[in-house]
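# Architecture and fold: a report
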Amino acid sequence: MASDRIIQNAYYVSDLDTAITRFHQLWGLGPFFVRRHIALDNVVYRGEPSELDISAAYTQSGDIMIELVTQHNEAPSTFRDRYQSTESGFHHVALAFGDHDQQVRRFNDLGYASVTSFKTAEGRGATYLDTVAATGHATEIYIVNDSLRELYASVRHAAETWDARDLVIDL
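Rules behind the numbers
Residues numbered from 1 in each chain as written. Predicted model: local features only at pLDDT ≥ 70, side-chain atom pairs only at ≥ 80, totals over all residues. Heavy atoms only, no water. Salt bridge = Lys/Arg side-chain N within 4 Å of Asp/Glu carboxyl O. Helix = DSSP H or I, 4+ residues; strand = E, 2+ residues; numbered from the N terminus. Buried < 20%, exposed > 50% of the residue type's maximum accessible area, 1.4 Å probe, protein only. Pairing = 2+ DSSP bridges. Contact = heavy atoms within 4.5 Å. Axes fitted to C-alpha atoms, helices over the stretch in contact; angles between N-to-C directions.

## Quick word on the pattern of salt bridges
- Tallying each qualifying case throughout the model produces 11 salt bridges.
- We note a salt bridge from Asp4 to Arg106, for which the minimum N-O separation is 2.5 Å. Of this pair, Asp4 sits in the segment before strand E1 (6–12) while Arg106 sits in helix H3 (residues 100–109), and the two are 102 residues apart along the sequence.
- Asp170 is the salt-bridge partner of Arg36, the closest N and O atoms lying 3.4 Å from each other.

## Quick word on the pairing of strand E5 (residues 54–61)
- A large share of E5 lies buried, amounting to 7 of its 8 residues.
- Here 8 bridges tie E5 to strand E6 (residues 64–71), and the two strands are oriented antiparallel to one another. Paired with Gln60 across the two strands is Met65, which belongs to E6.
- Hairpin geometry of E5 and E6 is characterised by an intervening segment of 2 residues between the two adjacent antiparallel strands and by a positive phi of about 65 degrees at Gly62.

## What to know about the sheet that holds strand E10 (residues 138–143)
- As summarised here, the arrangement of the 11 strands in space is E4-E3-E8-E9-E10-E7-E1-E6-E5-E2-E11, forming an open sheet in which the pairing is mixed. In this open sheet, the two edge strands, each paired with only one partner strand, are strand E4 (48–49) and strand E11 (168–170).
- One ladder, built from 5 bridges, connects strand E8 (residues 114–120) with strand E9 (residues 125–129); its direction is antiparallel. In the sheet register, Lys119 faces E9, and the bridge partner there is Gly125.
- Packed on one face of the sheet, helix H1 (residues 16–27) meets E1, strand E2 (32–35), E5, E6 and E11 and runs near 150 degrees to E6.

The structure is reproduced here in structure tokens:
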């Protein structure tokens, strides 16, 4: 299935700015597009309403987007299932753009539960699936819109043309 191609590797980090510096120092990645305290609507955790306060940074490494994400509150979530606020590690992969509901249903039919879902103020969103037992990490399925497509294109273009000056681009 073409839509099952991995297009993003995501890491949960305890401190976003420190992680940006570390990922740049280790692998020369940059620039990082940063969204702080992303406005999320309709957050659901394991079927129940929830609140989620996250910030994220995005950069590109070849064909793979790299996301660094941190959660500012202690609400139950796919992130808190794996990491406490002071911990860091690999969290999820995101799959290529496809039909969100169809992809989620296929994973659910295979026995992988939907853990956290939400939408952003721009109307894009995601569902995180519990694929930890099978893969060691979660899987993210996007609710795709033009702003998500634009983010992916902008991050990739910036990485390919980066002059190594501004490491952080706040969105």
